[in-house]
Amino acid sequence: MYTDTDRCVRAVQSKDARFDGWFFTAVRTTGIYCRPSCPAVPPKVENMTFLPSAAACQQAGYRACKRCRPDTSPGSPEWNARADAVARAMRLIQDGVVDREGVPGLAARLGYSTRQVERQLNAELGAGPLALARAQRAQTARLLIETSALPMGDVAFAAGFASIRAFNDTVREVFALSPSELRTRSAKAHLDQPRIPGTISLRLPFRAPLNPDNLFGHLAATAVPGVEEWRGGAYRRTLRLPYGTGVVALAPRPDHIACQLALTDLRDLTIAISRCRWMLDLDADPEAVDEQLRSDPLLAPLVDKAPGRRVPRTVDAAEFAVRAVLGQQVSTAAARTHAARLVTAHGEPVADPDPEGGLTHLFPSPQALAALDPRSLALPRSRRATLATLVSGLVDGSLPLGVDSDWEAARARLGALPGFGPWTTEVIAMRALGDPDAFLPSDLGVRRAAAGLGLPSTPAALTARAAGWRPWRAYAVQYLWATDSHPINHLPV
């Protein structure tokens, strides 16, 4: 969008928050870059230039505005609808791959040379992978400075900087303030907000509208005991992260998601935030989604009644794939029971930082599940075989599942496994891989809703009708499911 100057100017002059994250406004006369909704007086048009990412702004020598804090704006929704190399690279960078494995590791995961990855990212985002990762480190550093009492040396290394000097230089360059000045400003602004020892509290922004009912309702209704729970108005769960473990509590608020993180290793902060945003689909563009779905007169009343539905995803694609198999042809309650048994027998114990909490385990890793005897599972023989085949593929790498997956290639691999029909494959594509166009025409809830609305209810006919909903059919499924009284559609009390 940043190449459409007239449209960008209109968004800036109207302070339209819908475009935060789509592009950034750099002001030549001040050397500052802002989000489109910045409350400051808009600059003269001739002084504006538009860039596609915060990293591109920083690389061009602009510093972040102190009023609108553009580095904290929602992520670009561009990557939600794509699975090409650039979109997959962005999702991997957000998941911390460059910090852990370097640019060669990023390129190896994508199947390209480092030169090709650099060229593609620079062409589309105006910055290479190192600059994009640097911008992310700067934002992580700012979060730690403002939300914790950690010594600055610990903040630097937790944010991924190789040295204190690099940390100080980057913070000064990006924010035009020293780390200590940032902390002082934050303390003055949040005197009435006590910090909880051992946790990091932050706000996860999103584009309005956001309907929390199906999002948190689904996560709470399908929560696996010991791994997930709904308590105190928040969805809580354990996290398996590259450097350690964590526990997160996420609570919906009118203009943000309140997030509290307890981590065993602070180097996991950026990754934990990225995975929580991914799980809650916070970088979606609800205006674009709902506008497309409203074009169908039979769907329009559902969208108008409760706009802004998101697709509830997962923090661990392998975990969700296992749970999808456990949920084949059984009720939600039965699926939770099967998963809870696996957790008790094979999950890794963790300590809940809240003494009143009920989180006890991480969901078992594929490696742990590979060691179990399928005959010990209270499942039909065919489903035990399906689960064993899935786990084997996850362990040996023949079935890579993650935010960087090529959606169609993953579908083909899943569909080739015994016991994997269209429903299982599509629900994994929707909730584990993040394909916004995944569709479940054979799902019982979808077919009932379709029949009630006067839509075709047979899978083939419904698929044909749903062609007009593309590329947002996964969101259409959320609206169709919402016609039922199932607990997944209601925010827990």
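Data block above holds the structure.
Computed from a prediction, not measured in an experiment: that's the story for all the values here. (Residues numbered from 1 in each chain as written. Predicted model: local features only at pLDDT ≥ 70, side-chain atom pairs only at ≥ 80, totals over all residues. Heavy atoms only, no water.)

Chemist: Is there a simple way to think about the overall build of the protein chain in this case?
Modeler: A count of helices and strands for the protein chain gives 22 helices and eleven strands. Taking 2.2 N^0.38 as the reference for a compact globule, 493 residues should give roughly 23 Å; the C-alpha atoms of the protein chain span a radius of gyration of 23 Å, in line with that estimate. Considered along the principal axes of its C-alpha atoms, the protein chain spans approximately 65 × 50 × 50 Å. In the protein chain, buried positions account for 56% of the 493 residues. Partitioning the contacts of the protein chain with sequence separation of at least 6, the portion at a separation of at least 24 is 67%. (Helix = DSSP H or I, 4+ residues; strand = E, 2+ residues; numbered from the N terminus. Rg over C-alpha atoms; globule rule 2.2 N^0.38 Å. Buried < 20%, exposed > 50% of the residue type's maximum accessible area, 1.4 Å probe, protein only. Contact = heavy atoms within 4.5 Å.)

Chemist: I keep staring at helix α4 (residues 97-110) and nothing clicks. Help me out?
Modeler: Each α-helix winds once per 3.6 residues, and so residues spaced three or four apart point in a common direction. Under the 1.5 Å per step criterion, the end-to-end length of α4 is only 11 Å for 14 residues, more than 12% shorter than the ideal 20 Å. Considering bend angle alone, the principal kink of α4 is centred on V103 and spans about 85 degrees; proline P104 follows within four residues of it. On its buried face, α4 is in contact with α3 (85-94), α5 (114-125) and α6 (129-147). With its phi angle positive at about 80 degrees, G111 sits one or two positions after the end of α4. (Expected span 1.5 Å × (residues − 1). Bend = angle between axes of the 7 residues up to and from the residue.)

Chemist: Help me out: how do you make sense of unusual backbone geometry in this one?
Modeler: Phi is mostly negative for residues that are not glycine, and the peptide bonds are mostly trans. Here the amide bond leading from A208 into P209 is cis, since omega sits at 0 degrees, within 30 degrees of zero. When you line up the elements, P209 lands in the loop between β5 (200-204) and α10 (212-221). Cis geometry marks the peptide bond from R470 to P471, where omega comes out at 5 degrees. Within the secondary structure layout, P471 lies in the loop between α21 (459-465) and α22 (473-481). Of note, R69 is a non-glycine position whose phi angle comes to about 45 degrees, a positive value. Residue position: R69 is located in the loop between β4 (63-64) and α3.

Chemist: What am I meant to see in the state of the cysteines here?
Modeler: Two cysteines, two sulfur atoms, one covalent bond between them: this is a disulfide. Taken as a whole, this structure holds zero disulfides when the rule is applied. Summary of cysteine pairing: C57 is not part of a disulfide, and the nearest cysteine sulfur, belonging to C34, is at 9.3 Å. For C57, a relative accessible area of 0% puts it in the buried group. Considering cysteine sulfurs only, C276 is the nearest to C259, which forms no disulfide, with 5.0 Å between them. (Disulfide = S-S within 2.5 Å.)

Chemist: It is not clear to me how the sheet that holds strand β1 (residues 24-27) should be interpreted in this structure. Could you clarify?
Modeler: For sheets, the rule is that strands pair by backbone hydrogen bonds, running either parallel or antiparallel. The four strands are arranged β3-β1-β2-β4 in an open sheet whose pairing can be described as mixed. In this open sheet, the two edge strands, each paired with only one partner strand, are β3 (48-51) and β4. Two strands pair when backbone bridges link them, and strand β2 (residues 32-34) and β4 are joined in this way by two bridges, in the parallel orientation. Among the inter-strand pairings, Y33 is bridged to a residue of β4, identified as A64. Helix-sheet contacts for helix α1 (residues 5-13) involve β1 and β3, and the interaxial angle to β3 is about 105 degrees. (Pairing = 2+ DSSP bridges. Axes fitted to C-alpha atoms, helices over the stretch in contact; angles between N-to-C directions.)

Chemist: How do you make sense of the packing of α6 against helix α11 (residues 269-280) when you look at a structure like this?
Modeler: Axes are the key here: two packed helices are described by the angle between their axes and the distance separating the axes. As a packed pair, α6 and α11 sit with axes 10 Å apart at the nearest point and diverge in direction by 100 degrees. The orientation of α6 relative to α11 falls into the category roughly perpendicular. Between α6 and α11, the residues in contact are Q136, T140, L143 and L144 and L269, T270 and I273, respectively. Across the contact of α6 with α11, the residue classes break down as four nonpolar, three polar and no charged. (Parallel < 35°, antiparallel > 145°, perpendicular 65-115°, else oblique. Nonpolar A, V, L, I, M, F, W, Y, C, P; charged D, E, K, R; others polar.)

Chemist: What exactly am I supposed to notice about the pattern of salt bridges here?
Modeler: In a structure, side chains of opposite charge can pair up when their charged atoms sit close to one another. In the structure shown here, the tally under the stated rule is 34 salt bridges. Salt-bridge contacts for R411 lead to D435; the nearest nitrogen and oxygen are separated by 2.8 Å. Taken as a pair, R411 in helix α18 (residues 407-415) and D435 in the loop between α19 (422-431) and α20 (444-453) lie far apart in primary sequence, 24 residues in all. By the burial criterion, R411 is buried, and D435 matches it. Taken together, the salt bridges that share partners define one network made up of E229, R231, R236, D352 and D354. (Salt bridge = Lys/Arg side-chain N within 4 Å of Asp/Glu carboxyl O.)

Shape is all these values report; function is a separate question.
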